[in-house]
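Structural characterization, general
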Amino acid sequence: MPLPEPDLAAHLARITPEALTWHTVTSGEGLREGVVATAQRGYGWVEQELEEGLRSLAAPVVDVRAGWPPR
């Protein structure tokens, strides 16, 4: 379930992202776009945003037999 827009806006207003590499997204609009795109795709990734040369992928673990995700 994506974060409701008012909650996302409030969170982005409270944070001050720190650039760890020159790839790190630090603008509020860039972060918002990333969150929305990740919610639409159902998975997310970072491309050298945490460390040069490091690429990471994040995806939910789903087990419909156990009732996850909740409906």
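Residues numbered from 1 in each chain as written. Predicted model: local features only at pLDDT ≥ 70, side-chain atom pairs only at ≥ 80, totals over all residues. Heavy atoms only, no water.

**Some points on the packing of aromatic side chains**
Enumeration over the complete set of coordinates arrives at one aromatic pair. A cation sits over an aromatic face here: Arg41 above Tyr43, 5.2 Å from the ring centre. (Phe/Tyr/Trp six-rings, centres within 6.5 Å; stacked < 30°, edge-to-face > 60°. Lys NZ or Arg CZ within 6 Å of the ring centre and 35° of its normal.)

**Regarding unusual backbone geometry**
We note that Gln48 has phi near 60°; this positive angle belongs to a residue other than glycine. Checked against the element boundaries, Gln48 lands in the loop between β1 (44-47) and β2 (55-58). (Helix = DSSP H or I, 4+ residues; strand = E, 2+ residues; numbered from the N terminus.)

**Here we look at the confidence of the model for the chain**
A residue-level look at the chain finds 94% of positions with pLDDT of 70 or above and a mean pLDDT of 90. Mean pLDDT across the elements of the chain bottoms out in helix α2 (residues 28-41) (92) and peaks in β2 (96). (pLDDT = per-residue confidence, 0-100.)

**Side note on the side chain of Gln48**
In this structure Gln48 comes out as buried when scored by relative accessible area, which is 14%. Only 2.9 Å separates the side chain of Gln48 from the backbone nitrogen of Gly53, close enough to count as a polar contact. The residues touching Gln48, leaving out its near neighbours within four places in the chain, are Thr21, His23, Gly53, Leu54 and Arg55. (Buried < 20%, exposed > 50% of the residue type's maximum accessible area, 1.4 Å probe, protein only. Polar contact = N/O pair within 3.5 Å; in protein donor to acceptor, adjacent residues only side chain to side chain. Contact = heavy atoms within 4.5 Å.)

**Describing the pattern of salt bridges**
Scanning all chains against the criterion turns up four salt bridges. Glu29 is the partner of Arg32 in a salt bridge, and the nearest nitrogen-oxygen pair spans 3.9 Å. Here Glu29 and Arg32 lie together in helix α2, a separation of three residues that amounts to about one turn. The partner of Arg65 in a salt bridge is Asp63, with the nearest N and O atoms 3.3 Å apart. With a relative accessible area of 28%, Asp63 lands in the partly exposed category. Each of Glu5, Glu29 and Arg32 takes part in one network of salt bridges that share partners. (Salt bridge = Lys/Arg side-chain N within 4 Å of Asp/Glu carboxyl O.)

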